[in-house]
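Fold and contact review
For reference, the chains in residue letters:
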Amino acid sequence: MLNVIWLLLLVSGIIVAAINGNVEVVTQAALGSARGAVKVCFDLIGIMALWLGIMKIAEKAGMVQGIARLMKPLIRRLFPTIPPDHPAMGAVILNLSANMLGLGNAATPFGMKAMQELQRLNKDSDEASEAMCTFLALNTSCITLVPATIIGVRVSFASANPTEIVGPCIFATAIAMTIAITLDYWFRRYSPWRRIP
Amino acid sequence: MSLAFLDTISRWAIPFLLLVIPLVGFLRKVPVYEAFVEGAEEGFTTAVKIIPFLVGMMVAISVFRASGAMEALSQVVEPFTSRMGVPSEVLPLAIMRPLSGSAVLGMATELMKTHGPDSLIGRLASVMQGTTDTTFFVLTVYFGSVGIKKYRYSIVTGLTADITGFIASVYICNLIFK
């Protein structure tokens, strides 16, 4: 699936550029974004270090496991393959909370920590586990209660009511999240792609 | 929800975490600074590990966008989506939503500059920006950081959620703001 999408993005781009007679755009875009990608990663180093450091304190103080225990009833249903007070679940909850608050830069390190813990339970396979798929379904469709960035943009263009979009955002994400959870559940339990019958 | 309230939350969220976690840690006898450094060490390796995945994704996406293929695609689907009440101006934004967060923010800003933040287009762009996430970026980075290469069904789940979020945004905006 990803192989096909990746190839389609490249091939369709190059064909369209060729038809328009400006293939040199492709060269520029490819080289520029390759350099840009590394810059993104380097910018991430500091932020990652900060939040992974804070997270380690939370872990040693038992807060990460505490959060997981608090959300046990929910976690048990969504992640049946993970022991409910496993540190992975604490990281998952932290990531989703950071997402909800619109704290993108804190969400990413928490999410990667969660993936590392889940990968340990996945016995370092190169194939995604059920729990990882569920986590990413939740993560990518997660409700943002405080979409701070876009509110900021609306304020800067003198919107009469910059926060009026919060309600509709919550409505739309709630529906998207419901679909994501349902679909993930179906894939995990009934689809031909499930691992355990 | 009032602006002042949301503003307070977003301004206090990070200072709050930076205050509470080390403080609780200290009270529970954690050597806080040592624990911080121990955790922070992983920051470099994790960030470096995602480079190949991010380069692969960002190159493909930027070729797709810069070549005009994205515009071509939005012209192809435009006749169908306009019947659903989607203004053609926001279509490129919807196509880019799962691919690139920074591109979408730029596009939403541009649309609000041209049409005003309180127009249907401006509101729709805002709602779509705040709904769902950059699925491809998240999958690439998260799976990449632990060396997962086979994503199984997670792309289908993520993209279906994105399309659902898009349809729901269009529906609710047409309902409330038209």
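Residues numbered from 1 in each chain as written. Chains lettered and ligands numbered in written order. Predicted model: local features only at pLDDT ≥ 70, side-chain atom pairs only at ≥ 80, totals over all residues.

**Here we look at the overall build of chain B**
Within chain B, the secondary structure is distributed over 9 helices and 0 strands. Seen in sequence order, chain B has helices and strands lined up from the N terminus as α-α-α-α-α-α-α-α-α. Taken over C-alpha atoms, the radius of gyration comes to 20 Å for chain B, far larger than the 16 Å a tight globule of 178 residues would show. With respect to the principal axes defined by its C-alpha atoms, chain B has extents near 65 × 45 × 30 Å. Buried positions account for 51% of the 178 residues belonging to chain B. Restricting the contact set of chain B to residue pairs at least 6 apart, pairs at least 24 apart contribute 62%. (Helix = DSSP H or I, 4+ residues; strand = E, 2+ residues; numbered from the N terminus. Rg over C-alpha atoms; globule rule 2.2 N^0.38 Å. Buried ≥ 20, exposed ≤ 12 C-beta atoms within 10 Å, placed from the backbone. Contact = placed C-beta atoms within 7 Å.)

**Considering the overall build of chain A**
Along its length, chain A carries 9 helices and 0 strands. In chain A, the order of α-helices and β-strands from amino to carboxyl end is α-α-α-α-α-α-α-α-α. If you line up chain A on its principal axes, its C-alpha atoms span 60 × 50 × 35 Å. Across chain A, every contact between residues at least 6 apart in sequence was considered, and the portion connecting residues at least 24 apart equals 56%.

**Re the packing of helix H7 (residues 130-140) of chain A against helix H9 (residues 154-177) of chain B**
Two elements in contact, H7 of chain A and H9 of chain B, have axes whose closest approach is 9 Å; the angle formed by their N-to-C orientations is 20°. As the angle between them shows, H7 of chain A and H9 of chain B are arranged roughly parallel. Here the hand of the crossing between H7 of chain A and H9 of chain B comes out right-handed. Contacts between H7 of chain A and H9 of chain B pair Cys-133, Leu-136, Ala-137 and Thr-140 of chain A from the former with Ser-154, Thr-157, Gly-158 and Ala-161 of chain B from the latter. Residues that form the contact of H7 of chain A with H9 of chain B fall into these classes: 4 nonpolar, 4 polar and no charged. (Axes fitted to C-alpha atoms, helices over the stretch in contact; angles between N-to-C directions. Parallel < 35°, antiparallel > 145°, perpendicular 65-115°, else oblique. Left-handed = near helix turned anticlockwise from the far one by under 90°. Nonpolar A, V, L, I, M, F, W, Y, C, P; charged D, E, K, R; others polar.)

**With respect to the environment of Gln-28 of chain A**
Within the fold, Gln-28 of chain A resides in helix H2 (residues 24-60). Put simply, Gln-28 of chain A and Val-146 of chain A are 118 residues apart on the chain and 36 Å apart in space, counted from C-alpha to C-alpha.

**Comments concerning the interface of chain A and chain B**
Counting residues at the interface gives 89 residues for chain A, matched by 89 residues for chain B. For the side of chain A that touches chain B, the secondary structure elements donating two or more residues are helix H1 (2-19), H2, helix H6 (104-121), H7, helix H8 (148-156) and helix H9 (166-189) of chain A. Ranked by the residues each element gives to the side of chain A that touches chain B, the list is headed by H2 of chain A, at 25 residues. By residue class, the composition of the side of chain A that touches chain B is 61 nonpolar, 22 polar and 6 charged.

**Some words on the domain arrangement of chain B**
We note that the domain assignment places domain 1 (1-48) and domain 2 (50-177) within chain B. Just the C-alpha atoms count here: the centres of domain 1 of chain B and domain 2 of chain B sit 30 Å apart. (Domains from an automatic or database assignment.)

**Some points on the packing of H9 of chain A against H9 of chain B**
One way to put it is that H9 of chain A packs onto H9 of chain B with a least axis distance of 8 Å and a crossing angle of 150°. With respect to their mutual orientation, H9 of chain A and H9 of chain B come out roughly antiparallel. Crossing of H9 of chain A against H9 of chain B: the hand is right-handed. Residues Pro-168, Phe-171, Ala-172, Thr-173, Ile-175, Ala-176, Ile-179, Ala-180, Leu-183, Asp-184 and Phe-187 of chain A of H9 of chain A form the contact with H9 of chain B, whose participating residues are Thr-157, Thr-160, Ala-161, Thr-164, Gly-165, Ala-168, Ser-169, Ile-172, Cys-173 and Ile-176 of chain B.

**Some details on the confidence of the model for chain B**
Low pLDDT marks stretches whose predicted atomic positions should not be read closely. Taken as a whole, chain B shows an average pLDDT of 90; of its residues, 99% reach a score of 70 or greater. The complex prediction reports pTM at 0.88, with the ipTM value standing at 0.86. (pLDDT = per-residue confidence, 0-100.)

**Brief notes about the nonpolar core**
The nonpolar side chains of soluble globular proteins are, as a tendency, buried together. Ranked by internal contacts, the top residues of the largest apolar core, which has 124 residues, are Val-63 and Val-90 of chain B. When residues of this core are assigned to their parent elements, the largest contribution, 14 residues, is made by H2 of chain A. Mapped onto the domain boundaries, this core takes at least three residues apiece from domain 1 (1-48) and domain 2 (50-177) of chain B. If we skip the residues at most four places from it in the chain, Val-63 of chain B touches Leu-9, Leu-10, Gly-13, Ile-14, Val-26, Ala-29 and Ala-30 of chain A. (Core = buried A, V, L, I, M, F, W, Y, C linked by C-beta atoms within 7 Å.)

**A closer look at helix H3 (residues 63-70) of chain A**
Here H3 of chain A has its buried residues at Met-63, Val-64 and Ala-68 of chain A. Down the axis, H3 of chain A shows its buried residues gathered within 145° of arc, on one side only. In this fold, the buried residues of H3 of chain A make contact with H2, helix H4 (72-78) and helix H5 (87-100) of chain A together with helix H1 (3-27) of chain B. (Arc of directions from axis to C-beta.)

**Considering the confidence of the model for chain A**
Predicted confidence across chain A gives a mean pLDDT of 89, with 99% of residues reaching 70 or more. Element-level mean pLDDT values for chain A span from 84 in H3 of chain A up to 94 in H7 of chain A.

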